[in-house]
Amino acid sequence: MNSRSLPQGLPRRIATLSVHTSPLHQPGTGDAGGMNVYIVEVSKRLAKAGIEIEIFTRTTGGDLPPRAELAPGVTVRHISAGPYEGLAKEDLPAQLCAFTHGVLGIEAARPPGHYDLLASHYWLSGQVGWLAKDRWGVPLVHTAHTLAKVKNLQLAEGDRAEPMGRVVGEEQVVEQSDRLVANTPTEARELIDLYRAPLERVAVVAPGVDLERFRPGDRAAARARLGLPQHAKIMAFVGRIQPLKAPDVLIRALAELRDPDAIALIVGGPSGSGLDRPTSLIDLAESLGVRDRVRFLPPQAGDRLADVYRAADLVAVPSHNESFGLVALEAQACGTPVVAAAVGGLVTAVRDEVSGVLVDGHGAADWARVLDRLLAEPGRREELAAGAVKHAYDFSWDHTTTRLLDVYREAMTEHRSRRQLELAGCARW
Ligand code: UDP
């Protein structure tokens, strides 16, 4: 389908804003994670539906071209805003003016009305979207991915509270957005209760999973490909290594397990602050006397990541908070039960006692009890594995994209009517 054959009311061109992390980055380290995967998967599908997508992101290397093709119909635009290296995510609010200048400059060189809609991801992008939306006269659809007020309620030990500047910045974005996309009903409630988002502007759109890549496969073969032992019971953690994700909970639980054959496999790279280096996990494992039972792998991509999930007997997601938790879904799609903290989106991503087990709190003894029980009962693991595959099939990026198209259509229709009223001098937004 090309943009001329798009159904009425849909945007022809979308400017997607992803200030702090590029869809070209490898997820699982630094600031790259689920949001990057989300933007890539959805953009590819929107482009297939005939919508041109341009993704604006900050330049983080001198070798990056001003524009790069991510997929047919999806272009990444690198915007200069501050030095390539040395800026943390927390430093980026000071670069928003430069970034916005770059985005507005690109649009100004185009014929008027080039973009029909702005899709912003994370609050930094929402701030840019706020200004661009006013200048271009188009609706802003914002996806928060994480919320400071929620994070501050569930801080991990050693984690820093999110600053007031972010809280206020998010409140402004919530106020200015035409639609707010929430991953789960829980996140929708948080937007409404904590950020006073108007109910009618919040849309719940579940993220998806790539069911072609993440599918069940032979465990022994996956272990052989990754060089992992055949006879161990493997509990995997996959994700950015940071306090919020709590990989330490898995290592602490490992130290309390009765099963001597259990090992923890930690896959991912450093991110953020505090417990951010694999070395601090190595120190922890050493201090607990389980160093020889903890394996590390750097961030994995594509089929190797699917192999990680297949190789594991269980995947642990002990996060203090997750707005969704794509790792949980990917693991289940590969037929591996998930043991997850009963927080945020994980309560939706995992069906308790059907596709995995939800654990209250982060105490090592509680986690060890659940893990021990599952490791000792292969029959139960098999039941959960079957439930996991079934549950994952309820989610797909095609579904996500179809729902997003509805949200875009609503936002465009409403925005157009409001502008007509404004032009007629009848109403103000
Ligand atoms: N990921 C990856 N390689 C890794 C670790 C993680 O590609 O080694 C990806 C993973 O497939 C998932 C994303 O990073 O899609 C993490 O998303 P999630 O929602 O679990 O957490 P977030 O990073 O958004 O907090």
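On a predicted model such as this, the values are computed, not experimentally measured, just so you know. Throughout this description, residue numbers start from 1 for each chain and increase along the sequence as written. pLDDT decides what is reported in this predicted model: residues at 70 or higher carry local features, side-chain atom pairs at 80 or more are listed and counted, and totals for whole chains, interfaces and linings draw on all residues regardless. Side-chain numbers come from the whole structure's heavy atoms, not from hydrogens or water.

### A word on the overall build of the chain
Piece 1. Helix numbers and strand numbers start at the N terminus; a helix is a DSSP run of H or I with at least 4 residues, a strand a run of E with at least 2. A count of helices and strands for the chain gives 15 helices and 14 strands.
Piece 2. Relative to its length of 429 residues, the chain is compact, with a C-alpha radius of gyration of 22 Å against a globular reference of 22 Å.
Piece 3. Out of the 429 residues in the chain, the part that is buried amounts to 58%.
Piece 4. Accessibility throughout is a Shrake-Rupley quantity obtained with a 1.4 Å probe, and a residue counts as covered only by protein chains that appear here. Carbon and sulfur atoms make up 52% of the accessible area of the chain, which totals about 18,000 Å².
Piece 5. None of His or the chain ends enter the tally, which takes Lys and Arg as positive and Asp and Glu as negative. For the purpose of locating charges, the reference atoms are NZ of Lys, CZ of Arg, CG of Asp and CD of Glu. Computed over 49 positive and 53 negative side-chain charges, the inter-centroid distance for the chain is 4 Å. Restricting the calculation to C-alpha atoms gives the radius of gyration, and the globule rule supplies 2.2 Å times the number of residues raised to the power 0.38. In this scheme, a residue with accessible area under 20% of its type's maximum is buried, one over 50% is exposed, and one in between is partly exposed, where area comes from a 1.4 Å probe on protein chains only.

### Let's talk about the pattern of salt bridges
Piece 1. The salt bridge definition used is simple: a Lys or Arg side-chain nitrogen within 4 Å of an Asp or Glu carboxyl oxygen. Applying the stated rule across the entire model yields 31 salt bridges.
Piece 2. In this structure, Arg77 and Glu54 form a salt bridge, with 3.0 Å as the shortest nitrogen-oxygen distance. With a gap of 23 residues between them, Arg77 in strand 4 (residues 74-79) and Glu54 in strand 2 (residues 52-58) connect regions that are remote in the sequence.
Piece 3. Judged by relative accessible area, which is 6%, Glu54 ranks as buried.
Piece 4. Its salt-bridge partner being Arg258, residue Asp372 comes within 3.4 Å of it at the nearest N-O pair. Of this pair, Asp372 sits in helix 13 (residues 364-376) while Arg258 sits in the loop between helix 8 (247-256) and strand 10 (262-267); the two residues are 114 residues apart in sequence, bridging distant segments of the chain.

### Some points on the site of the ligand
Piece 1. Working definition: residue near molecule or strand if any one of its non-hydrogen atoms lies within 4 Å of it. Near the ligand lie 20 residues; those nearest to it are Gly34, Lys245, Gln300, Leu326 and Glu330.
Piece 2. Taking 540 Å² as the accessible area of the ligand by itself, protein coverage stands at 90%.
Piece 3. When residues of the shell around the ligand are traced back to their parent elements, those giving at least two are helix 1 (34-48), helix 10 (302-311) and helix 11 (326-333).
Piece 4. For this scheme, ten residues count as nonpolar: Ala, Val, Leu, Ile, Met, Phe, Trp, Tyr, Cys and Pro. Four count as charged, namely Asp, Glu, Lys and Arg, and the remainder, Gly too, count as polar. The residue inventory of the shell around the ligand, partitioned by class, reads 9 nonpolar, 7 polar and 4 charged.

### Structural notes on the packing of aromatic side chains
Piece 1. Any pair of Phe, Tyr and Trp rings, taking the six-membered ring for Trp, is counted once the centres come within 6.5 Å. Such a pair is stacked with planes under 30 degrees apart, edge-to-face with planes over 60 apart, and tilted for the rest. All chains considered together, the criterion is met by 5 aromatic pairs.
Piece 2. Ring geometry for Tyr38 versus Trp397: centroids 5.5 Å apart, planes at 80°, classification edge-to-face. With a gap of 359 residues between them, Tyr38 in helix 1 and Trp397 in helix 15 (residues 397-423) connect regions that are remote in the sequence.
Piece 3. Judged by relative accessible area, which is 2%, Trp397 ranks as buried.
Piece 4. In this structure an aromatic cluster arises from ring pairing among Phe56, Tyr115 and Trp136.
Piece 5. For a Lys NZ or an Arg CZ to count as sitting over a ring, it must be within 6 Å of the ring centre and within 35 degrees of the ring normal. Its guanidinium or amino end placed over the ring of Tyr195, Lys149 lies 4.6 Å from that ring's centre, counting from NZ or CZ.

### Regarding the sheet that holds strand 4
Piece 1. On the basis of which strands lie adjacent, the open sheet formed by 8 strands has the order 3-4-2-1-5-6-7-8 and mixed pairing. Of all the strands in the sheet, the pair left with one neighbour each is strand 3 (67-71) and strand 8 (202-204). Ignoring which end each strand starts from, the neighbouring axes of this sheet average 25° apart.
Piece 2. Two elements, strand 6 (residues 140-143) and strand 7 (residues 179-182), share 3 bridges in a ladder whose sense is parallel. What sits directly across from Val141, in strand 7, is Arg179.
Piece 3. Throughout, a contact is declared for two residues whenever any of their heavy atoms are within 4.5 Å. To obtain an axis, a line is fitted to C-alpha atoms, over the contacting stretch when the element is a helix, and the angle between two such axes runs from 0 to 180 degrees between their N-to-C directions. Contacts between helix 15 and the sheet are confined to strand 1 (13-17), strand 5 (117-121), strand 6, strand 7 and strand 8, with strand 7 contributing the most and set at about 165° to the helix. One bridge is not enough; two strands pair if DSSP finds at least two bridges between them.

### As for the pairing of strand 10
Piece 1. Of all 6 residues in strand 10, 6 are buried; the element is thus mostly enclosed.
Piece 2. Side chains Ala262, Ala264 and Ile266 of strand 10 all project onto a buried face; the interleaved residues Ile263, Leu265 and Val267 project onto the opposite face, where all are buried too.
Piece 3. Summarising the sheet, strand 9 (residues 233-238) and strand 10 pair through 6 bridges and their orientation is parallel. In the sheet register, Phe237 faces strand 10, and the bridge partner there is Ile266.
Piece 4. Once you follow strand 9 into helix 8 and on to strand 10, the crossover reads as right-handed.
Piece 5. In this structure, strand 10 lies alongside strand 11 (residues 294-297), joined through 4 bridges in parallel fashion. In the sheet register, Leu265 faces strand 11, and the bridge partner there is Arg295. Here, the term right-handed applies to a crossover whose path from the first strand over the helix to the second runs clockwise when the strands point away from the viewer.

### Some thoughts on the UniProt feature "binding site: UDP-N-acetyl-alpha-D-glucosamine" (unreviewed entry) in the chain
Piece 1. Under the UniProt annotation, "binding site: UDP-N-acetyl-alpha-D-glucosamine" (unreviewed entry) lies at Gln26, Pro27, Gly34, Arg240, Lys245, Gln300, Glu322 and Glu330.
Piece 2. Counting through the fold element by element, Arg240 comes out in the loop between strand 9 and helix 8.
Piece 3. On the basis of relative accessibility, which here comes to 17%, the residue Arg240 falls in the buried class.
Piece 4. Those residues in contact with Arg240 that sit more than four places away from it in its chain are Gly28, Thr29, Gly30, Asp31, Ala32, Gly33, Lys245, Gly269 and Ser271.
Piece 5. Examined against the element boundaries, Lys245 turns out to sit in the loop between strand 9 and helix 8.
Piece 6. For Lys245, a relative accessible area of 14% translates into the label buried.
Piece 7. Residues within four places of Lys245 in sequence aside, it is in contact with Phe237, Arg240, Pro318, Ser319 and Glu322. UniProt positions are given in the numbering used here, feature names are shortened, and annotations may be inferred rather than shown by experiment.

### With respect to the nonpolar core
Piece 1. Working definition of a nonpolar core: buried Ala, Val, Leu, Ile, Met, Phe, Trp, Tyr and Cys residues. They are joined through side-chain atoms within 4.5 Å. Of all hydrophobic cores here, the largest spans 119 residues; its most connected members are Phe56, Trp136, Tyr309, Val315 and Tyr408.
Piece 2. Of the residues forming this core, the biggest block, 7 residues, is contributed by helix 15.
Piece 3. Once you skip the residues sitting within four places of it in the chain, Trp136 turns out to touch Ala15, Val103, Leu104, Glu107, Tyr115 and Leu118.

### Regarding the packing of helix 2 (residues 96-108) against helix 3 (residues 122-136)
Piece 1. Between helix 2 and helix 3, the shortest axis-to-axis distance is 10 Å and the interhelical angle comes to 40°. As the angle between them shows, helix 2 and helix 3 are arranged oblique. The hand of the helix 2/helix 3 crossing is right-handed. Here Leu96, Phe99, Thr100, Val103, Leu104 and Glu107 of helix 2 come into contact with helix 3, specifically with Leu124, Gln127, Val128, Leu131, Ala132, Arg135 and Trp136.
Piece 2. In the contact of helix 2 with helix 3, the residues fall into 9 nonpolar, 2 polar and 2 charged. Relative orientations are named as follows: roughly parallel for angles under 35 degrees, roughly antiparallel for angles over 145 degrees, roughly perpendicular for angles from 65 to 115 degrees, and oblique for any other angle. Left-handed is the label given to a crossing in which the near helix is rotated counterclockwise from the far helix by less than a right angle, and right-handed is the label when the rotation is clockwise.

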